[in-house]
Amino acid sequence: MSRTLCLMALTALIGCPKPTVPTEPAAPLEVVEPEMTLPEIPFEQYTLDNGLTVILAPDHSTPIVYTNVWYHVGSRDEEPGLTGFAHLFEHLMFQGSANAPGEYFTPLQEVGATINGTTSFDRTNYYEEVPAQHLPLALFMESDRMGHLLEVLDQDKLDNQREVVRNERRQRYENPPYGEAYKKLYEMAFPEGHPYAHMPIGSHADLEAANLDTVKDFFRKWYVPNNASLVIAGDFDTETAKALVDQYFGPIPRGEAPVRRTAEPFTIAENMEVRQYDDVPERKVWLAYSTPGFYQDGDAELDLLSSVLSGGKDSRLYTALVKEQQVAKDIAAYQSSLGLGSLFVIQGTAAGDHTTDELVAAVDAVLADVMGENPPTVDELDGARANFEAGFYSGLQTISGKGDTINRYFMYSGDPGYMGADLTRYFEADAADVLASGQQFLMAPRVALHIMPTADNVDEEGGAQ
Amino acid sequence: MMRAASILALVALTSTAMAQDSTIPFPEPLPTPDFELPEATSHTLSNGLEVRIVENHEVPLWGARLVIRGGTGLDPMDKAGLASVAVDMMDDGAGDLSSSDISRRVKRLGSSLSTSAGLDSSTVSAGGILRNMDETLGIMAKVVTQPTFPEDEWSILQSRRVANANAKLEDPDTVGREAFYKQLYAGTYQGSVTTAETYGAISLDDMKAFHAAQFRPDNALLLVGGDIDPATALPILEKHFGSWTVDGEATVIAAPEPAMVEESVMYFIDKPGAAQSVIRLGGFIGTRMDDDYYDLHIGNAAFGGAFTARVNMNLREDKGYTYGARCRAWYPEGPGVWFCSTSVRTDATGASLDEIKMEITDVLGDRPIDTDEVAYNVSSEVNGFPGQYETVSTVLSEHADIWIHGLPSDWQGRYLPGVQAVTVDSANAALAARLVPEHIVWTVVGDREAVYSDLEAFGLPIIELDRQGNPIQGN
């Protein structure tokens, strides 16, 4: 039985775990295997004359409608000296437009909407979930800021939201311990000037330097209908929705097609290590490896491998580091996928008096073992696959989940209906594929960021950053 | 059709409007679709265990929660964290399964299994792909009824909890939140804060006793939802949970009766070099069964609950002091708690405190909530109501809440009429009755050197606390 084999393999690796319940072996597990029915989201896609991509996904289960506009611009498109600009701009999109002056939230919240926007490396999105009868309002509001933002944008709004964003930076990244770890990690993992070498939140200096002219140029360049995709999901009549989309978005003029910043596939060439000493309570370490971007070969395999390594209390890293050797308090591994190339991150906290160096050594031993004598088993991978399968369905439980999924697939793969193909990647990756991806991408140079309490900073030469 | 005609008219208007740069009007809504609350069916297993089932056939998933009355609110002061670790340990060994067995099996089934302790209740949850529901429920039932509390797992968990208890002292948000509740509840149960010492004092026997006392079929509710129906699900639930029996009777948990704060005080916790000051203030209010519950709900939505409420519009959108400021009411067993929280730029600490105080003074005095604000927030709540019931998970949560707190069974149905009955007078009367400035506790976590003079200028007596919320000697 494969479960027993797996146990034996683990035993060889890390010594025999102390049996916790000395009784007869538990009954064998009865697993019902999948029949390979792939989830799909029915949708209709078309393009307006001005280039706006429209994707309609009706779902009448609840009387709500979700509209989601993705602008294909993110922090990766920011020029040097303008870090944080895409996100600052996102805030300005909530400050009113010519035909709906005043706070963007005001008329939508009055009808019970859930509203927000988010900015990431690869895109900026805006959404509102409204009661079904208020679809016209949602489309009116979204179209008005796409078509008529600049008429009413002024210095006061910029100054106010600049302060709000700088407070967001303080609240989310500066005040919490380790809040700027990812900023440092991405700076280390990508070369200076690479689109992913800076975080979407940007720097105070660049935010302070943002002026109204630059803001307007940014809008004119990126916020054109031919650089956006609109998803409408939920309880609506298709013909009504199409008429409303024509009415509100149709008149917005097409702009010049913006050229996104891109980068050749990048691979960390040699190991790099940074040790920081800070006002933090514990010793933590982040390891990052260069890995393939969204939906590229190896991306799904590394997702599956991350589950084998750190998904649950039977996973390889948890068993070795947390349970057996007790060098780590916690350990996590994940493929952090982005469009131009991803990072595979292993993040852990040292337990007790152990050092991050001991933790890293233990990680390396597990990786060597998994890539060598004890590769991922069929059983482990079946479990990982089943969990990803459940995750796919889980994302379809809400109308907003469907809407986000469709727009994400459209932007990254060009096909809003990519979900079946996406899940197929997980079903079709076998143990050999997963092992090959692990060997190729994790047995490679990496960056290591150690962040430790200030009190640790003794008798170390040149370590402090 | 009226609607089609108006759309055409708008299109014609829009084309000329664009050219002339005049206005595009706000649209009229479409017809409002019907909405019915998703229903749960009630059942009882042969051992008396109560069951609620909610069907939803959109995706081939299922989910179950076994909820019991009793959570961290039952922790002895010197063993704060007991319920939390007891429940955490339940999936670290159950029946003939070890921690690794449980984890491996659950994962292999494409399922999830988790445990959590809240203040008044504790929960074991499972769910996943429908085809493996039966086998997963079998594991869940073992976790609920036969946890083994293995010593080696406790040793690992205890170390982790001790480390977490120390680590949280560096996180200003956590320090501020815990200090607020510790001072507000002043020695009664919710004020108990976990520390390395309290985790050190907990034994496996304590956990076993907690489990034995609280996890009983007569103190539990089993909620199941998803792509299922009662006819097929009930025999499976009966198979796994129907033979669960225990002796004796369940203990009735008494609601706490903490005292009101007599005099408003500013508690301060130093965090040298902090980029922001973390502000939290509030006090006790009534319960959800009080006559003014919906009035306070709408009054607070206008005052501080919504993004568009006075407090956030002032501190964020007008002054730029913060990323966000909100006030809300929270209803555990016993009295509810109303509080506001925000993180503000360090050099705007004094100004932010002044603005918050001014908003309170104004709403209780010269600038009460007006007709438009009430209408606006009632509209927001009423329109947003159907969207609250989109997922099985939220429907199950509401049924759990009703059961845990003994709310009337038609609680969900009372919401719309309750909110729609709120008037300007009733909203302001609720705010006046509940937001008594003398009873408000204030806490600030920030950089002493930068903000202390602001706090002194604010005028309240200042008591400095350490990061565990204890008064520092000499204050």
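Residues numbered from 1 in each chain as written. Chains lettered and ligands numbered in written order. Predicted model: local features only at pLDDT ≥ 70, side-chain atom pairs only at ≥ 80, totals over all residues. Heavy atoms only, no water.

## A few points about the domain arrangement of chain B
Residues and elements named next belong to chain B. Rule in force here: Each domain's extent was defined by an automatic or database domain assignment. Between two residues, a contact is recorded if the distance between any of their heavy atoms is within 4.5 Å. In short, buried area is how much 1.4 Å probe accessible area vanishes from two parts on joining, totalled over both. For this analysis, a salt bridge means a side-chain nitrogen from Lys or Arg found within 4 Å of a carboxyl oxygen belonging to Asp or Glu. A 3.5 Å cut-off defines polar contacts: any pair of N or O atoms within that distance qualifies, except that in protein one atom must be a possible hydrogen donor and the other a possible acceptor, and neighbouring residues in sequence count only when both atoms are side-chain atoms. Only DSSP runs of H or I with at least four residues qualify as helices, and only runs of E with at least two residues qualify as strands; both kinds are numbered from the N terminus onward.
Annotation of chain B at the domain level lists domain 1 (1-31), domain 2 (41-241) and domain 3 (265-465). Between domain 2 and domain 3, the C-alpha centre-to-centre distance is 30 Å. Taken together, the 33 residues of domain 2 in the interface contact 31 residues of domain 3. Taken together, the two surfaces of domain 2 and domain 3 that pack against each other cover about 2,700 Å², and 70% of this comes from carbon and sulfur. Inspection of the domain 2/domain 3 interface yields one salt bridge. Ionic pairing is found between Lys 271 and Glu 170, a salt bridge with its closest N-O pair at 3.4 Å. Remark: the boundary between domain 2 and domain 3 carries six residue pairs in polar contact (both at pLDDT 80 or more). Of all the secondary structure elements, the ones that give two or more residues to the side of domain 2 that touches domain 3 are β2 (50-55), β3 (61-69), α6 (172-185) and β8 (220-226).

## Focus on the packing of aromatic side chains
Each aromatic ring pair is summarised here by two numbers: the centre-to-centre distance and the angle between the ring planes. Threshold: Any two of the Phe, Tyr and Trp rings considered here, Trp counted by its six-membered ring, make a pair once their centres fall within 6.5 Å; the pair's planes then place it as stacked at under 30 degrees, edge-to-face at over 60, or tilted in between. Note on exposure labels: buried denotes an accessible area under 20% of the residue type's maximum, exposed denotes more than 50%, and partly exposed covers the range between, all computed with a 1.4 Å probe on protein chains only.
The tally for this structure, following the rule as stated, stands at 46 aromatic pairs over all chains. Judged by centre distance (5.7 Å) and plane angle (35°), the rings of A:Tyr66 and A:Tyr127 are tilted. Of the two residues, A:Tyr66 sits in strand β3 (residues 64-71) while A:Tyr127 sits in strand β7 (residues 124-131), which places them 61 residues apart along the sequence. Classification of A:Tyr66 as buried rests on a relative accessible area of 2%. Ring geometry for A:Phe105 versus B:Phe307: centroids 3.8 Å apart, planes at 15°, classification stacked. With A:Phe105 in helix α3 (residues 105-110) and B:Phe307 in the loop between α10 (293-305) and α11 (310-318), this residue pair bridges two chains. By way of ring pairs, the aromatic residues A:Tyr71, A:Phe85, A:Phe89, A:Phe94, A:Tyr104, A:Phe105, A:Tyr126, A:Phe218, A:Phe219, A:Tyr223 and B:Phe307 are connected into one cluster.

## What to know about the side chain of A:Asp122
Residues and elements named next belong to chain A. Tracing the sequence through the fold places Asp 122 in the loop between β6 (114-119) and β7. Among the polar contacts listed, one links the side chain of Asp 122 to the backbone nitrogen of Gly 339, at a separation of 2.8 Å. The residues touching Asp 122, leaving out its near neighbours within four places in the chain, are His 72, Val 73, Gly 74, Arg 76, Tyr 196, Arg 260, Leu 338, Gly 339, Met 411 and Tyr 412.

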